[in-house]
Amino acid sequence: MSRGFNRLLESVVSINVRELAFESGARRYTSSLGSGVLMSEDGIVLTNAHVVSRRAVEINVTLSNLERVGARLVGWDHWTDLAVLRLDLEEVKRRGFKLSAARFGESEKLFPGQEVFAVGTPHGLTRTVTRGIVSNTNRYFEDTRGIGGYETGMFNTWLQTDAAINPGNSGGPLVTSDGKVVGISSRGYLGANNLGFAIPASTARVVLERLVQDGVVVRSYVGIVPGALQDLENFYALALNTGVLVSSVDPGSPAAKAGLRPGDILLSIDGARVDGRFPEQLPPIQNLIASRPIGSELRFSVKRAAETREFTVVTERLESRVGEEWALEKWGLSVRRVSRTYARENQLEGNDGAVVIGVQPGFPGDVAGIARGDILLKVNQQAINALDVLKQAHAAYEASPAPTLIETQRNRRVSLLIIKP
Amino acid sequence: MILILRLLRGAIPAALFGVSACAATPDLPALWSERVKCVVAVEYVTVTETERRPTVSMGTVVDAKGTIILQSVAIDPRAALWQLKEFKVYLPGEGDGKPAEYLGQDAFTGWHFVRAGDDTRTKLTPVTAFAGPTAPRKPVISEAVWGIGLRPKDEDFAPYILRSTVALVQAVPQLTAIAQQEVAAPGLPVFDAQGVLVGLAGPSGGQTFLQISRSGRPVPTMLINVEESSAFLVAGEVLPHVGRIPRDPSGRPLAWLGTYGLEPMDREVAKFLNLQAQSGAVVSEVLEGSPAETAGLKPRDIILALNGAPLPQLKPDRAVVAYLEREVERRIPGNKLALTVLRGTERVEVAVTLGDQPKLAREAERKFFDRLGFTAREPVYGDAVERRQRPGALAGVVAHFVKTGGPSATAGLRPDDWIREIDGTEVKDFAEATGRLGAIEGDKDRSEFVLLVARGSETAVLRVKLK
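Residues numbered from 1 in each chain as written. Chains lettered and ligands numbered in written order. Predicted model: local features only at pLDDT ≥ 70, side-chain atom pairs only at ≥ 80, totals over all residues. Heavy atoms only, no water.

The helix and strand tally for chain B stands at 11 helices and 29 strands. Along the three orthogonal principal directions, the C-alpha set of chain B runs to about 80 × 60 × 60 Å. Burial status across chain B gives 50% buried among its 467 residues. Considering only contacts in chain B between residues 6 or more positions apart, those separated by 24 or more positions represent 61%. Split by element, the accessible area of chain B, about 21500 Å² in all, is 54% carbon and sulfur. One way to put it: in chain B the 56 positive side-chain charges average out to a point 1 Å from where the 56 negative ones average out. (Helix = DSSP H or I, 4+ residues; strand = E, 2+ residues; numbered from the N terminus. Buried < 20%, exposed > 50% of the residue type's maximum accessible area, 1.4 Å probe, protein only. Contact = heavy atoms within 4.5 Å. Areas by Shrake-Rupley, 256 points an atom, 1.4 Å probe, with all protein chains shown as cover. Lys, Arg positive; Asp, Glu negative; His and termini not counted. Charge placed at Lys NZ, Arg CZ, Asp CG, Glu CD.)

Regarding its fold elements, chain A presents 8 helices and 29 strands. Rg of the C-alpha trace for chain A: 24 Å, near the compact-globule value of 22 Å for 421 residues, within the 12% margin. Dimensions of chain A, computed from the C-alpha atoms along their principal axes, are close to 70 × 65 × 40 Å. Residues counted as buried form 56% of the 421 residues belonging to chain A. Summing over all exposed atoms, chain A offers an accessible surface of approximately 18000 Å²; the carbon and sulfur share of this is 47%. Each charge sign in chain A was given a centre, from 48 positive and 45 negative side chains, and these centres are 1 Å apart. (Rg over C-alpha atoms; globule rule 2.2 N^0.38 Å.)

Let us look at the environment of A:Glu106. Residues and elements named next belong to chain A. Within the secondary structure layout, glutamate 106 lies in the loop between α2 (89-94) and β7 (115-120). Owing to a relative accessible area of 46%, glutamate 106 belongs among the partly exposed residues under this scheme. The spacing of glutamate 106 and valine 181 is 75 residues in sequence and 8.2 Å in space, taken between C-alpha atoms.

A separate point is the side chain of A:Gln409. Residue position: A:Gln409 is located in strand β28 (residues 404-410). For A:Gln409, a relative accessible area of 12% translates into the label buried. With sequence-adjacent residues up to four places away left out, A:Gln409 is seen in contact with A:Leu348, A:Asp374, A:Ile375, A:Leu377, A:Val414 and B:Arg388.

Let us now look at the pairing of strand β23 (residues 325-328) of chain A. When β23(A) meets strand β24 (residues 333-337) of chain A, the two strands line up antiparallel, connected through 4 bridges. If you follow A:Trp326 over to β24(A), its bridge partner there is A:Val335. (Pairing = 2+ DSSP bridges.)

Residues and elements named next belong to chain B. Ranked by size, the top nonpolar core spans 31 residues in total, and within it Trp111, Ile148, Leu150, Leu188 and Phe191 carry the most contacts. Elements supplying a minimum of two residues to this core: α3 (28-35), β1 (39-47), β7 (144-150), β11 (197-201) and α5 (235-238). For this core, the element with the most residues is β7, which contributes 3 residues. Domain assignment of the residues forming this core places at least three in each of domain 1 (2-128) and domain 2 (133-241). Dropping the residues within four chain positions of it, tryptophan 111 is found in contact with Ile69, Leu70, Gln71, Gly104, Gln105, Asp106, Leu200, Glu237, Val238, His241 and Val242. (Core = buried A, V, L, I, M, F, W, Y, C linked by side-chain atoms within 4.5 Å. Domains from an automatic or database assignment.)

This part covers the domain arrangement of chain B. Residues and elements named next belong to chain B. By the assigned domains, chain B splits into domain 1 (2-128), domain 2 (133-241), domain 3 (255-356) and domain 4 (361-465). Counting residues at the interface gives 33 residues for domain 1, matched by 32 residues for domain 2. Taking both sides of the interface into account, the surface hidden between domain 1 and domain 2 amounts to around 2500 Å²; carbon and sulfur atoms contribute 76%. Where domain 1 packs against domain 2, one counts 6 residue pairs in polar contact (both at pLDDT 80 or more). Secondary-structure elements contributing two or more residues to the side of domain 1 that touches domain 2 are α2 (19-22), α3, β1 and β2 (52-61). Across the side of domain 1 that touches domain 2, the residue classes tally to 22 nonpolar, 8 polar and 3 charged. (Buried area = accessible area lost by both parts, 1.4 Å probe. Polar contact = N/O pair within 3.5 Å; in protein donor to acceptor, adjacent residues only side chain to side chain. Nonpolar A, V, L, I, M, F, W, Y, C, P; charged D, E, K, R; others polar.)

Structure, rendered in structure tokens:
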């Protein structure tokens, strides 16, 4: 292999993570394994968001010299399934390790049939190299719960490869024969043969920069769910390759407030024509909106029935559907804050409350009749508008156990329950 | 004994015998041969867009006019009146059905009323004939009871006897007896050893079994016997209501309060709120434009008393909700209902004048478009409530039925989708929608049309190909 490829092998790492899990109604630890790639000499490691999440409490990185070094999470972006770690540089220095960084290649220039290699730790087998070709350079794949319940794939398309990608490969690089990183291996179809997917370097490069700088990728949100026009353009009497179908408008979103409606055809944004004929054209359009600063005024030109109208939409900050999580251990309940998206999906009246995501059998929460999926709305008649309200009530119970009144909602049905010692 | 009974039957009204004639030495075969005349099988056909579906259920004769009551589950509540056809009554052991008339459903008991034709009614004996001379008989624990079951249609609904022992009598909220084993077919009467009516069998409760396979763990499985039941409403919950024959087959007038999601308040909560042994029900939502809203009832109010009387303590807790619902259902629109509610820490009196139930889905207009492969239905109040829409503005039409494999089903239309736009233009009302859909259906050159549908909190554009 090329010198570049050999150098690349030195920058591929395996990652062991211990993370908190709340689902069981208690605080538990789980461990998992993935891959990553060193992208700078000062210890920046790029990996998948589903390998290292914000719940991680201990991260250990095994370098190519088989030595282990501690690391911490710098930033996390489930939308593109990317996370960035930083190695404990003092430890690296103290132990005299030399770090070798990989370099990005140009994923835009990849062509179907081009040879690529996946490097990683499938099933714990360190520094495994598999070979394949680029099967597709522009695969559309969206999942509203794909990354541990978080959304993914709305803002990028994926590279598809037949290089074997197995569990544990996640976060490892997909490289060309000269050792340039063109993608980050992310997922495969279980039960299928050689259908692997990677985040293209063009996306990874931008997200890496943002995460290193800010720790987060801030995106704008307007609340339209775009749909591919496919061959509907004749029906809507549109010029060829123009427009994207507004499939759905989130209630209460900026787009809804501006007056957009499902069934509208979005023709242009701030005068720039949009083309959403095919599904794989949708993520770039979503990204165009998302990459504008929060509070931007976007001018949407929209075709509705026979007429064309202009709408001004003011963007909001994009939020994840998964809210903050916590375990109320004395009650045997784990909860997740109701997010704006969750409230909208479930047609809740407001954003107050916490969803029960786990119940320990036999604990006071279970005995009171609380079940997974219930929404806790009030505790001792105080609205749960932040997890702190619940945490405080739980702490008070922990200090001196006393009957606690909980208002819950299950399928729009409101119940009062007592948690008691 | 049999001989005496036969002679008596010709001479005096049926109501006179029963306990008096049989008290000394009950002769079960004799009791049986008389009582089997108060049960029938009722068959009817539900006509849908694509099929005719026959249904059989068991009924009990309640008066000399040949009126028969069927359990509420006997008829699908979604079916419109005009879909229910060809009611027939079969006598036990007879393979030929005779025409009968559907009289409607009573809101309070849930019973459907059917009336047998002239030629049949003379062969029937009302169950009231076996009610006993005094107040309705209340079964007691450990007493022997028996009832009637009917074999399926291909066995000419041959009657057979079921015997059991009363194991438990409980108010849920109606006084219900649970027998040790199955004691009658659902909808058929239950008698004591003397042949006096003690109740009417309802749907059977489920029994949980463990299903054990060679691999894997035992899986709990609930089995429900649909042919025979071990639970029956006691006679005191049946006899006073057998005269509730609906004035109109539609079952109207129907009283309406307008609360959504009544939830029982358990004992612990009552104690916490210093209500001690008080029973109550939490109001989850108060529906827009409803009598409850007009009267000033608020979401999260806890109903404690009705017309000044505290709600009864019932077990399980849920039974208090059924109790409240029945208190509404037994009344008619215009009746007044005084509710005492706890709002925060305050007791508030709410005087509700019950309204008329808004149009139900089964009463809504609908039209089937065969070539398009779906039925459009006028949206009703309940559609809006279910979808958290404002019930004031009911534009569009609801997909009531979607033909499997039809063009609309292929395009992704599902039952209960709310059609907002047809071919990019908003749908105003049912008449306009059916006009436009009819035009599309009639236009043989049309190769496609587009629907905008709302489903939950999402909408979708569906493209329906007709060729």
